[in-house]
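The primary structure of each chain is shown beneath.
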Amino acid sequence: PGEADLSAEEKELDVWRHAVLDQALAELSKRVSAKNYLAFTMSCFDGKSIAETAKFLRISADQVYLARNRCTAILKEIVKKCNEADPDLKIQLPEE
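Residues numbered from 1 in each chain as written. Predicted model: local features only at pLDDT ≥ 70, side-chain atom pairs only at ≥ 80, totals over all residues. Heavy atoms only, no water.

K.L.:
Requested: an account of the side chain of S43, with residues and values cited.
P.N.:
Here S43 shows up in helix α2 (residues 34–44). Among the residues examined, S43 registers a relative accessible area of 11% and is labelled buried. Side-chain polar atoms of S43 contact the backbone oxygen of A39, separated by 2.6 Å. For S43, the contacting residues outside a window of four places in its chain are K48, I50, T53, V64 and R68. (Helix = DSSP H or I, 4+ residues; strand = E, 2+ residues; numbered from the N terminus. Buried < 20%, exposed > 50% of the residue type's maximum accessible area, 1.4 Å probe, protein only. Polar contact = N/O pair within 3.5 Å; in protein donor to acceptor, adjacent residues only side chain to side chain. Contact = heavy atoms within 4.5 Å.)

Pasting the structure below:
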């Protein structure tokens, strides 16, 4: 369904999900190094390739993959706790 098809309640829940996900990402940024967080966000959210991310951060491609894996695992743990605290959220992270 398109944006126009969503009910007011669904729209509010979507806004709430985005806010909680932003908080989860903020918590993640506190739990990992700045370089790992940047490698994760650049390669997962900013559309940068592994090679571009590695070059920009001056790390190896393997280090980017490691950072992504670590951050994804921690983020899944954070999101799971959020979903348990508020079952209506039902936040789902995309599979890699």
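K.L.:
Quick rundown of the pattern of salt bridges? Include the residues and the values.
P.N.:
It is possible for side chains bearing opposite charge to pair when their charged atoms get close. Counted by the stated rule, this structure contains 3 salt bridges. Notably, a salt bridge pairs E77 with K81, separated by 3.9 Å at the nearest N-O pair. A residue pair is termed a helical-turn pair when its members lie 3 or 4 positions apart in one helix, as E77 and K81 do in helix α4 (residues 61–85) at 4 residues. Each of the salt bridges in this network shares a partner with another, and the network as a whole consists of E27, R31, E77 and K81. (Salt bridge = Lys/Arg side-chain N within 4 Å of Asp/Glu carboxyl O.)

K.L.:
Pulling in residues and values, what's your account of the confidence of the model for the protein?
P.N.:
Detailed reading of the predicted coordinates is not advisable wherever pLDDT falls low. Mean pLDDT over the protein works out to 91, with 94% of the residues at or above the 70 mark. Mean pLDDT values over the elements of the protein span from 93, in helix α1 (residues 8–31), up to 98, in helix α3 (residues 50–57). (pLDDT = per-residue confidence, 0-100.)

K.L.:
Give me the environment of R68: which residues, what numbers.
P.N.:
Looking at where R68 falls in the secondary structure, it is placed in helix α4. Distance from R68 to E52, taken between C-alpha atoms, is 14 Å for residues 16 residues apart in sequence.

K.L.:
Before we move on, can you summarise unusual backbone geometry with the specific residues and values?
P.N.:
Of note, the phi angle at R58 is positive, near 60 degrees, even though the residue is not glycine. Within the element layout of this structure, R58 appears in the loop between α3 and α4. With a phi angle near 50 degrees, K90 is a residue other than glycine that sits in the positive phi range. Checked against the element boundaries, K90 lands in the segment after α4.

K.L.:
Let's hear about the nonpolar core: which residues, and what values?
P.N.:
L28, F40 and L75 are the most contacted members of the largest nonpolar core, which totals 13 residues. Elements supplying a minimum of two residues to this core: α1 and α4. No other element matches the 5 residues that α4 contributes to this core. Contacts of L28, omitting those with residues within four sequence positions, involve Y37, F40, C71, I74, L75 and I78. One finds I50, L57, V64 and A67 within the second-largest nonpolar core, a separate group that totals 8 residues. (Core = buried A, V, L, I, M, F, W, Y, C linked by side-chain atoms within 4.5 Å.)

K.L.:
Before we move on, could you go through the packing of aromatic side chains and cite the residues and values that matter?
P.N.:
In the structure shown here, the tally under the stated rule is 1 aromatic pair. When the ring of F40 is compared with that of F45, the centres are 5.6 Å apart and the planes differ by 85 degrees; the resulting orientation is edge-to-face. (Phe/Tyr/Trp six-rings, centres within 6.5 Å; stacked < 30°, edge-to-face > 60°.)

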